[in-house]
Amino acid sequence: MPPGRIAILGATSTVGRAIAAEYARGGRDLLLCGRSLGEVERVAQDLSLRYGVAAEACLLDPDLPDYPQVLWRLEGGRPLGGVVWAIGTMSAAAGGGGPDEIRETTWVNFGAAVAAIEGVLPAVDPKGFIVLLSSVAGERGRRKNYVYGAAKAALTTYGQGLNHRLAGRGPRVTVVQLGVVDSQMTWGMSGGPAGADPERVARAIVQAVRAGKGRVHVPAVWGPIMLLLRLVPESVFNRLQV
Ligand SMILES: NC(=O)c1ccc[n+]([C@@H]2O[C@H](COP(=O)([O-])OP(=O)(O)OC[C@H]3O[C@@H](n4cnc5c(N)ncnc54)[C@H](OP(=O)(O)O)[C@@H]3O)[C@@H](O)[C@H]2O)c1
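We now turn to the structure provided with this report. (Residues numbered from 1 in each chain as written. Predicted model: local features only at pLDDT ≥ 70, side-chain atom pairs only at ≥ 80, totals over all residues.)

The number of helices and strands found in the protein is eight helices and seven strands. A compact globule built from 242 residues should have a C-alpha radius of gyration of about 18 Å, and the protein, at 17 Å, falls within 12% of that. Taking the principal axes of its C-alpha atoms as reference, the protein extends roughly 55 × 35 × 35 Å. Per-residue burial over the protein gives 43% buried out of 242 residues. In the protein, the proportion of contacts linking residues at least 24 apart, taken out of those at least 6 apart, comes to 68%. (Helix = DSSP H or I, 4+ residues; strand = E, 2+ residues; numbered from the N terminus. Rg over C-alpha atoms; globule rule 2.2 N^0.38 Å. Buried ≥ 20, exposed ≤ 12 C-beta atoms within 10 Å, placed from the backbone. Contact = placed C-beta atoms within 7 Å.)

Now the structure itself:
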C-alpha cells in the first residue's frame, strides 16, 4: 500500500473511528474529517496519543457551500494512501419523513458521498484505495428503512461503476455491504439482529481492502442472508416482519 495518509470522512462515526484506529495501529498517519470539528479533534488527539501516529482534524460538512473543496486543498501534492467514506444517517420515519428529511437522507447517504469521492479522487494515490460504507439495507427494500436503503443502493451502484472506471489505472474501490453494527446509528433499536462489534467490523474491512475486494459483506454472514432474502418471492416477503 502506498505511504500517504488515510482520510476518514466521518471520523466521529463509530465504524469510521474503529477503521481509523485499525490503520493507526498499523502505523498509518490519518486525516480525520467531519462536521463537528471539536469532536473530530478529540478523536485525532486520542488516536495520535494511543498509537503514536500523526492525525490531523479537518472540517467537512455536506451542508456548507464550499463542500467538499476543502479535501483536495489539504494534501498539497502529497497523495492520500486511501479514503474511507463513513458518513451516513438513517431517518426514523419509515417513508423517510417530510421533504427536508428525505432530502437530507438522500443527500447525506448518496449525493454527498459522490461529491466528496469525485472531488478527492485526483488526490488519491493510484495504488491506494477508496472504501464506501454501504448497507445491506440497499439490497432489498424493507418497510422499516427503504428511503435510507434506496440511497445506499445508489451508493453501491456508484461504487461499482467507479471501480469499473478505475480498474487497472486508479485506486481500488471497496464497497462494504454492512450488516447491523453496534453504533450510535443503531443505538436503542429493537427487534433486529444483534449488532456486530465495531472493532471486529473494522478489522474485516481493512482485510478486505488489503485483499483488493471490490464488494464485501461485513460481517460475512450477511452475504448468504441477503442472497436468501433477495430470492424470497414478493408474496412471501410482504408477509415477513423483517
Ligand atoms: N451501524 C450500522 O448498523 C450500519 C449498517 C449499515 C451501514 N452503516 C453505514 O456505515 C457508516 C457508519 O455508520 P455508523 O454506524 O458508524 O454511524 P454513526 O456512528 O451514527 O456515525 C454517523 C456519521 O455520519 C455523520 N453524519 C450524520 N449525519 C450527518 C449530516 N447530516 N451531515 C454530516 N455528517 C453527518 C456523523 O457525524 P456527527 O458525529 O457529527 O453526527 C457521524 O460521523 C454510515 O454510512 C452508515 O450508513 C451502518
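Still to come is the rest of the account.
Every one of the 27 residues lining the ligand counts as a neighbour, but Thr-12, Ser-13, Gly-88, Ser-135 and Ser-183 are closest to it. The set of elements that each furnish at least two residues to the shell around the ligand consists of helix 1 (14–25), helix 4 (99–120) and strand 5 (124–135). Residue contributions to the shell around the ligand peak at three residues, all from helix 1. Split into classes, the residues belonging to the shell around the ligand amount to ten nonpolar, 14 polar and three charged. (Near = placed C-beta within 6 Å. Nonpolar A, V, L, I, M, F, W, Y, C, P; charged D, E, K, R; others polar.)

Taking strand neighbours across the sheet as the criterion, the seven strands line up as 3-2-1-4-5-6-7 in an open arrangement whose pairing is parallel. Both edges of this open sheet fall to strand 3 (55–59) and strand 7 (215–218), since each of them pairs with a single strand only. Each strand of the sheet is rotated relative to its neighbour by a mean of 20°, with strand direction disregarded. (Pairing = 2+ DSSP bridges. Axes fitted to C-alpha atoms, helices over the stretch in contact; angles between N-to-C directions.)

What follows deals with helix 6 (residues 198–210). Taking 1.5 Å per residue as the helical rise, helix 6 with its 13 residues ought to reach 18 Å, and the 18 Å between its terminal C-alpha atoms agrees with that figure. Residues Val-201, Ala-202, Ile-205, Val-206, Ala-208 and Val-209 constitute the buried set of helix 6. Projected down its long axis, helix 6 shows its buried positions confined to an angular sector of 160°, all on one face. Buried positions along helix 6 lie against helix 1, strand 5, strand 6 (172–178) and strand 7. Looking one or two residues beyond helix 6, the residue adopting positive phi is Gly-212, at roughly 70°. (Expected span 1.5 Å × (residues − 1). Arc of directions from axis to C-beta.)

Take the environment of Ile-130 next. Turning to its location among the elements, Ile-130 is positioned in strand 5. In this structure, the C-alpha to C-alpha distance between Ile-130 and Ala-7, residues 123 residues apart in sequence, is 9.5 Å. Once residues lying within four places of it in the same chain are set aside, the contact partners of Ile-130 are Gly-82, Val-83, Ile-117, Val-124, Pro-171 and Val-173.

The end-to-end C-alpha distance of helix 1, which contains twelve residues, comes to 16 Å, matching closely the 16 Å that a straight helix rising 1.5 Å per residue would cover. The element helix 1 is extensively covered by neighbouring structure, given that eleven of its twelve residues are classed as buried. Along its buried surface, helix 1 packs onto strand 1 (6–9), strand 2 (30–34), helix 2 (37–51), strand 4 (80–85), strand 5 and helix 6.

The subject of this paragraph is the packing of helix 1 against helix 2. Across the interface, helix 1 lies against helix 2 with an axial gap of 10 Å and an inter-helix angle of 30°. It follows from the interaxial angle that helix 1 and helix 2 lie roughly parallel. Viewed along their axes, helix 1 and helix 2 form a crossing whose handedness is right-handed. Mapping the contact onto sequence places Arg-17, Ala-20, Ala-21, Ala-24 and Arg-25 in helix 1 and Val-43, Leu-47 and Tyr-51 in helix 2. Looking at the contact of helix 1 with helix 2 residue by residue, the classes come out as six nonpolar, no polar and two charged. (Parallel < 35°, antiparallel > 145°, perpendicular 65-115°, else oblique. Left-handed = near helix turned anticlockwise from the far one by under 90°.)

Of all seven residues in strand 6, seven are buried; the element is thus mostly enclosed. Residues Arg-172, Thr-174, Val-176 and Leu-178 point to one face of strand 6 and Val-173, Val-175 and Gln-177 to the other, with burial holding for every one of them. What joins strand 5 to strand 6 is helix 5 (residues 146–166), and the crossover it makes is right-handed. As paired elements, strand 6 and strand 7 share four bridges and run parallel to each other. Note on strand 7: the bridge partner recorded for Val-175 is Arg-215. (Right-handed = clockwise from strand over helix to strand, strands pointing away.)

Moving on, we come to the packing of helix 4 against helix 5. Each packed pair of helices is defined by two parameters, the angle between the axes and the distance between the axes. One way to put it is that helix 4 packs onto helix 5 with a least axis distance of 9 Å and a crossing angle of 10°. Considering the angle they form, helix 4 stands roughly parallel to helix 5. From helix 4, Ile-102, Thr-105, Thr-106, Asn-109, Phe-110, Ala-113 and Val-114 reach across to helix 5, where they touch Val-147, Tyr-148, Ala-151, Lys-152, Ala-154, Leu-155 and Tyr-158.

Worth remembering: the numbers are spatial, not functional.
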